[in-house]
Amino acid sequence: MTVKIGTVKEPGSSKMNKTGSWRTFRPVLDEEKCIDCENCFLFCPEGCINKENEIDYDYCKGCGICAEECPVKAIKMERD
Amino acid sequence: MEIPEQEFLAPGHRGCAGCGATVAVRLALKMLGPNTVAVSSTGCLEVITSQYPETAWEIPWIHVAFENAAAVASGVERALKSQGKDDVNVVAFAGDGGTADIGFQALSGAMERGHNIIYICYDNEAYMNTGVQRSGATPYGASTTTSPAGKKSFGEDKPKKNLPMIMAAHGVPYVATASISYPEDFMKKVKKAGETEGPAYIHVHQPCTTGWGYDPSKTIELGRLAVDTGAWILYEIVDGEFKVTYRPLQRKPVNEYLNAQKRFKHLADEEKEKIQNYVNQVCAELKI
């Protein structure tokens, strides 16, 4: 397929842009407390928390939604 | 409800920390899956996901102009059909400005022609991309840069345009409202919209940290407050049949929602009471 000017052919290439550098506070998960409710996975605006509750700090902007929405307060925001 | 792990909107996009629009798109695409073509109008979503030469989209995506997301989606649907590809989802994502104001005629036309498309309006209640100008979907009382609160104004003086009902009046088979704060409800609706033959319209409410003025961590909480106070109602209209899909056990005072946001901070008690009365009236009609 020929790709003309104005098109971008590499899907998901925004991954080259590591938005983790925007962060001031970092979410830290206490796995002992986690009940696998998937709230953090669902509500992350970056989609950078997976179902194993691993946070990808390369992209996490530190918005704090995951900590706010955690029903058991297993995620703490810590100064980066 | 089993929610797929695969993401179709990649990280690295330039959405504000705490962006509600990207939550809406992530969840919607999980339901539509890889066999989907997305169309966007001009707006936050377009700008933050397509910083040339990069794209955050993992599926084919096209942007043409502000006013024609629905027309472009119509064309994509017809082109796929002519190639015999009837199983591809065609979804348009447009903001409230690109839906209620600028993209309205294209949307109305697409609904009228009956294209097999899904149109999702992500509603953050103003033109956030260009610096918070009011749109037809800005609610009564909200301060924006073009409806500023001040000595001579209390903010937006018109009620929010009722887009989902205008879409329902087109007689399309599926219309729904949703909120990013009720993800299962939203995703079920997206799934239904995808299975619908003909046009489907979903109006998803999504708080905006920048335009509404609240801490980014509260995006989901604000969306929940909108629903729990009755300021935003979750319903669907399937083949003309109206059904409320979520009723808060006990409706919270609308002040809890208003007071949490800078855009309503200036409102006098009497204006807040007007809003509460309006909400009460709508909720009474729907028995919420």
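Structural notes, computed from the coordinates.

Calculation rules
- Residues numbered from 1 in each chain as written.
- Chains lettered and ligands numbered in written order.
- Predicted model: local features only at pLDDT ≥ 70, side-chain atom pairs only at ≥ 80, totals over all residues.
- Heavy atoms only, no water.
- Axes fitted to C-alpha atoms, helices over the stretch in contact; angles between N-to-C directions.
- Helix = DSSP H or I, 4+ residues; strand = E, 2+ residues; numbered from the N terminus.
- Parallel < 35°, antiparallel > 145°, perpendicular 65-115°, else oblique.
- Left-handed = near helix turned anticlockwise from the far one by under 90°.
- Contact = heavy atoms within 4.5 Å.
- Nonpolar A, V, L, I, M, F, W, Y, C, P; charged D, E, K, R; others polar.
- Core = buried A, V, L, I, M, F, W, Y, C linked by side-chain atoms within 4.5 Å.
- Buried < 20%, exposed > 50% of the residue type's maximum accessible area, 1.4 Å probe, protein only.
- Pairing = 2+ DSSP bridges.
- Disulfide = S-S within 2.5 Å.
- Buried area = accessible area lost by both parts, 1.4 Å probe.
- Salt bridge = Lys/Arg side-chain N within 4 Å of Asp/Glu carboxyl O.
- Polar contact = N/O pair within 3.5 Å; in protein donor to acceptor, adjacent residues only side chain to side chain.

## Some words on the packing of helix α1 (residues 20-32) of chain B against helix α7 (residues 183-195) of chain B
Residue and element names in this part refer to chain B.
- The contact between α1 and α7 brings their axes to 9 Å, and the two run at 45°. Taken together, the axis directions place α1 and α7 in an arrangement best described as oblique. For the pair α1 and α7, the sense of crossing is right-handed. Here Ala24, Leu27, Ala28, Met31 and Leu32 of α1 lie close against α7, whose contacting residues are Pro183, Phe186, Met187, Val190, Lys191 and Gly194.
- Of the residues that constitute the contact of α1 with α7, the class distribution is nine nonpolar, one polar and one charged.

## Remarks on the nonpolar core
Residue and element names in this part refer to chain B.
- Residues Tyr119 and Tyr201 are the most contacted members of the largest nonpolar core, which totals 50 residues.
- Of all the elements, helix α3 (residues 69-82) adds the most residues to this core, at six residues.
- Residues within four places of Tyr119 in sequence aside, it is in contact with Ala69, Ala70, Ala92, Ala94, Gly98, Thr99, Leu107, Met111, Ala200, Tyr201 and Ile202.

## Section: the sheet that holds strand β9 (residues 235-238) of chain B
Residue and element names in this part refer to chain B.
- Across the sheet, eight strands lie side by side as β2-β1-β3-β4-β8-β7-β9-β10; this open sheet has mixed pairing. Two strands in the sheet have a free side with no partner beyond their single neighbour: β2 (61-63) and β10 (241-244). Averaged over neighbouring strand pairs, the angle between their axes works out to 20° when direction is ignored.
- Looking at chain direction, strand β3 (residues 89-95) and strand β4 (residues 118-123) are connected through five bridges and run parallel. Pairing of Ala92 across the sheet is with Tyr119, part of β4.
- Lying over the sheet, α1 contacts β1 (36-40), β3, β4 and β8 (200-205), oriented at roughly 170° with respect to β3.

## Overview of the state of the cysteines
- Applying the stated criterion across every chain, the model contains zero disulfides over all chains.
- Among the cysteines around Cys48 of chain A, which has no disulfide bond, Cys44 of chain A carries the closest sulfur, lying 3.9 Å off.

## Here we look at the interface of chain A and chain B
- Across the boundary between the two partners, chain A contributes 30 residues, which contact 38 residues of chain B.
- Between chain A and chain B, roughly 2700 Å² of surface is buried when both sides are summed, and carbon and sulfur atoms account for 56% of that area.
- The three residues of chain A that bury the most area against chain B are Ser14, Leu42 and Phe43 of chain A, which together make up 19% of that side's buried surface.
- Put simply, chain A and chain B have four salt bridges between them.
- A salt bridge links Arg224 of chain B to Glu69 of chain A; the shortest N-O distance between them is 2.3 Å.
- Scanning the region where chain A abuts chain B turns up 20 residue pairs in polar contact (both at pLDDT 80 or more).
- When residues of the side of chain A that touches chain B are traced back to their parent elements, those giving at least two are α1 (39-43) and α2 (65-69) of chain A.
- Here the residues of the side of chain A that touches chain B sort into 12 nonpolar, 10 polar and eight charged.

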